[in-house]
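# Topology and contacts: notes
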Amino acid sequence: AGQSAAVRTGVAAARERLVGTMDGEGQNPPADLARLAAAWSPGGPQLVGGHRTTRHATLSKRLGSRFANGLRRALLRDDCPDSGCGLKVFERDRHLALPFFHGQHRFLPALFRAQGCTAAFLPVGDRPRRAGRSNYSNLQRAVQGASDLLGVAWLIRRARPVTTREEGVPAP
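All of the points below concern the structure found in this document. (Residues numbered from 1 in each chain as written. Predicted model: local features only at pLDDT ≥ 70, side-chain atom pairs only at ≥ 80, totals over all residues. Heavy atoms only, no water.)

## Some details on the sheet that holds strand 1 (residues 18-21)
In plain terms, the rule: Paired strands, in this sense, are two strands between which DSSP finds at least two bridges. Secondary structure elements are taken from DSSP: a helix is a run of H or I of four residues or more, a strand is a run of E of two residues or more, and numbering for both begins at the N terminus. For helices, the fitted line uses only the C-alpha atoms of the stretch in contact; every axis is such a line through C-alpha atoms, and the angle between N-to-C directions lies from 0 to 180 degrees.
The sheet built from 4 strands is open, its strands ordered 1-3-2-4 with mixed pairing. Of all the strands in the sheet, just strand 1 and strand 4 (119-124) have a single pairing partner and so form its edges. Going from strand to strand, the sheet's axes swing by 20 degrees on average, the running direction of each strand aside. Here 3 bridges tie strand 2 (residues 47-52) to strand 3 (residues 88-91), and the two strands are oriented antiparallel to one another. Bridge assignment links Gly49 to a residue of strand 3, and that residue is Lys88.

## Let's talk about the side chain of Arg52
Keep this limit in mind: Only protein chains enter the accessibility calculation, which uses a 1.4 Å probe; a residue is then buried when its area is under 20% of its type maximum, exposed when over 50%, and partly exposed in between. Within 3.5 Å is the distance limit for a polar contact, defined as a pair of N or O atoms, with the added protein rule that one can donate a hydrogen and the other accept it, and that residues adjacent in sequence qualify only through two side-chain atoms. Whether two residues are in contact is decided by their heavy atoms: any pair within 4.5 Å suffices.
Position of Arg52 relative to the elements: it lies in strand 2. Judged by its relative accessible area of 11%, Arg52 falls in the buried class. Within polar-contact distance, the side chain of Arg52 engages the side chain of Asp82 at 2.8 Å. When sequence neighbours within four positions are dropped, the list of residues in contact with Arg52 reads Asn28, Asp82, Gly84, Cys85, Val124, Gly125 and Asp126.

## Some details on the state of the cysteines
Put simply, the rule reads: The criterion for a disulfide is a pair of cysteine sulfur atoms lying within 2.5 Å.
On inspection of all chains with the given rule, the structure shows 0 disulfides. We note that Cys80 lacks a disulfide partner, and the nearest cysteine sulfur, in Cys85, lies 8.5 Å from it. Judged by relative accessible area, Cys80 falls into the buried class, the value being 1%.

Taken by themselves, the reported measurements are silent on function.
Written out as structure tokens, the structure reads:
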């Protein structure tokens, strides 16, 4: 059902307040997830994401990602340098309160910010893919990503901040 559905299913099954996500192809060192979790705090950023500063992907994937990240940052103003990095730490309830759609995982920083949250991004490692293969070409990502980007921009313009159960008001 796709990566966004897999992330949503895992987050819904989690029983702790704080959740960490990581792609399954082995490109990110698991120790980096612990570093992101250590940077999260109740009074700090509500989302801590990874930023792959040295990519081990093909030149075309790196250039495509650079262009897409720049376009997304300009349109959504989410200040996220690398929305494609799967390493993220956030509160379970805040994630479950977000609108869900296929491709949501690529826009978590923008969706969190639209809800009044702050985000921080730390450099993380990137290794050559250890398992599986990419399911998208740059053209496929561009076609799907363009409609997702416009949809997220529409959602953000209409967003109202939500609160979590810990703040005293149940999230929808």
